[in-house]
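Report on the structure
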Amino acid sequence: MIRLRARRFTPLAEVADTLFRVERRRTLVGLSLMVAQAFFYNAIFFTYALVLTDFYGIPADHIGWYLLPFAAGNFLGPVFLGRLFDTVGRRPMIAITYALSGALLAGVGYLFAAGVLSATGQTIAWMVIFFFASAAASSSYLTVSETFPLEVRALAIAFFYALGTGIGGVAGPWVFGALIDTGSRWSLYGGYLIGSVLMLAAAVVAARYGVAAERKPLESVSRPLAAAD
């Protein structure tokens, strides 16, 4: 049992000190995961319809049928892989899902650039990729919500989400939109490689500095700032 000192609020200076000095490794992990998944996820998801229409000639009113398998992969990934984050462990599963997502994106991107895939094949490939990527993205939110002290947890989530979305979620669709406008499959493949490298780098960071928080009370994962000695 942990005893807490009563406090009315936590000063922002203490929040900053916790994030950037005391827990800077965990901050590195959180930022790496959030930025990588935001770029990867938003860039591909929000440009998928453009890829289908511009490169595969799919009529706009048929796009929804191609999005259904994509959505299914996003849903089924966390359903089937989610429990493994508690049994196999946070650190290995985060690293594995991020690494698989990055590696698969590089491979599928190459097949797309080479013109090997049909629209159906591309859709199946995205479904497989996002089976893992959806679980990876979910784990980033899980990580930043449980690895910081109770008093700064809400602000930490807001900070990582805002920064990750600002860097990855805004830049990603803009970059991919510009690449699609070139009409070159190989140019778009370059964008896919950026997303792949970001995911692989985040996997390395998670494997090296991730926190083994599975099946542990949150207070033992990160001691509250108001804990009484």
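It should be noted that the structure appears before, not after, this text.
Just so it is clear, the model here is predicted, and its values are computed rather than measured. Here the residue index of a chain counts from 1 through its sequence in written order. Per-residue local features are limited, in this predicted model, to residues with pLDDT of at least 70; the limit for side-chain atom pairs, both in listing and counting, is 80 or more; totals at the level of whole chains, interfaces and linings are taken over all residues. Side-chain measures here rest on the full set of heavy atoms in the structure, leaving out hydrogens and waters.

**Brief notes about the overall build of the protein chain**
The way it works is that DSSP assigns letters per residue, a run of H or I at least four long becomes a helix, a run of E at least two long becomes a strand, and they are numbered from the N terminus. Scanning the protein chain for helices and strands turns up 10 helices and zero strands. Counting from the amino terminus, helix and strand elements in the protein chain follow one another as α-α-α-α-α-α-α-α-α-α. Counting only C-alpha atoms, the protein chain reaches 65 × 35 × 30 Å along its principal axes. For the protein chain, with 229 residues in total, the buried portion stands at 45%. By the convention used here, residues are in contact when the closest approach between their heavy atoms is within 4.5 Å. Of the contacts formed within the protein chain by residues at least 6 apart in sequence, a portion of 84% connects residues at least 24 apart. For the protein chain, the computed accessible surface area is about 11200 Å², with 67% contributed by carbon and sulfur atoms. Relative accessibility decides the category of a residue: with a 1.4 Å probe and only protein chains considered, values under 20% of the type maximum give buried, values over 50% give exposed, and everything between is partly exposed. Accessible surface area values rest on a Shrake-Rupley calculation with a 1.4 Å probe, where residue burial reflects the displayed protein chains alone.

**Some remarks on the packing of aromatic side chains**
Pairs were defined over the aromatic rings of Phe, Tyr and Trp, the Trp ring being its six-membered one, requiring ring centres within 6.5 Å. Orientation was assigned from the angle between planes: stacked under 30 degrees, edge-to-face over 60, tilted for the rest. A full pass over the atoms with the stated rule returns 21 aromatic pairs. Measuring from ring centre to ring centre gives 5.2 Å for Tyr41 and Phe130, while their planes differ by 85 degrees; the resulting arrangement is edge-to-face. Taken as a pair, Tyr41 in helix H2 (residues 24-45) and Phe130 in helix H7 (residues 119-146) lie far apart in primary sequence, 89 residues in all. Across the pair, exposure class does not vary: Tyr41 and Phe130 are buried alike. Taking 5.2 Å as the distance between ring centres and 85 degrees as the angle between the ring planes, the aromatic pair formed by Phe131 and Phe132 counts as edge-to-face. Relative accessible area serves as the criterion here: at 22%, Phe131 is assigned to the partly exposed category. Any Lys NZ or Arg CZ that is within 6 Å of a ring centre and within 35 degrees of that ring's normal is treated as a charge sitting over the ring. A cation sits over an aromatic face here: Arg185 above Tyr56, 5.2 Å from the ring centre. Sitting over the ring of Phe112, Arg185 keeps its end group 4.7 Å from the ring centre.

**Let's talk about the packing of helix H1 (residues 12-22) against helix H8 (residues 153-181)**
Angular values range over 0 to 180 degrees, each being the angle between N-to-C directions of two axes fitted as lines to C-alpha atoms, with helices fitted over their stretch in contact. The interhelical angle for the contact between H1 and H8, taken along N-to-C directions, is 65 degrees, at an axis separation of 11 Å. H8 is crossed by H1, and the crossing has right-handed handedness. For the pair H1 and H8, contact is made by Leu12, Val15, Leu19 and Phe20 and by Leu155, Ala156 and Phe159, respectively. Considered class by class, the residues forming the contact of H1 with H8 number seven nonpolar, no polar and no charged. Helix crossings fall into two classes, left-handed where the near helix is turned counterclockwise from the far one by less than a right angle and right-handed where it is turned clockwise. Only Asp, Glu, Lys and Arg are considered charged in this grouping, and only Ala, Val, Leu, Ile, Met, Phe, Trp, Tyr, Cys and Pro are considered nonpolar; every other residue, Gly among them, is considered polar.

**Re empty space enclosed by the protein**
Of the grid points, spaced at 1 Å and generated over the protein atoms alone, those admitting a 1.4 Å probe that cannot get out make up cavities, while open sets with protein on both sides within 12 Å along at least five of seven lines make up pockets; any residue with an atom within 4 Å of a point is treated as lining. Grid points are joined across faces, edges and corners, and a volume is the space filled by probe spheres set on the points. The tally for this structure, following the rule as stated, stands at one cavity of 30 Å³ or more. One number sums up the size of the largest cavity: a volume of about 60 Å³. Contributions of two or more residues to the lining of the largest cavity are made by H2, helix H6 (90-113) and H7. The greatest single-element share of the lining of the largest cavity, amounting to three residues, is contributed by H6. Split by residue class, the lining of the largest cavity holds six nonpolar, three polar and three charged.

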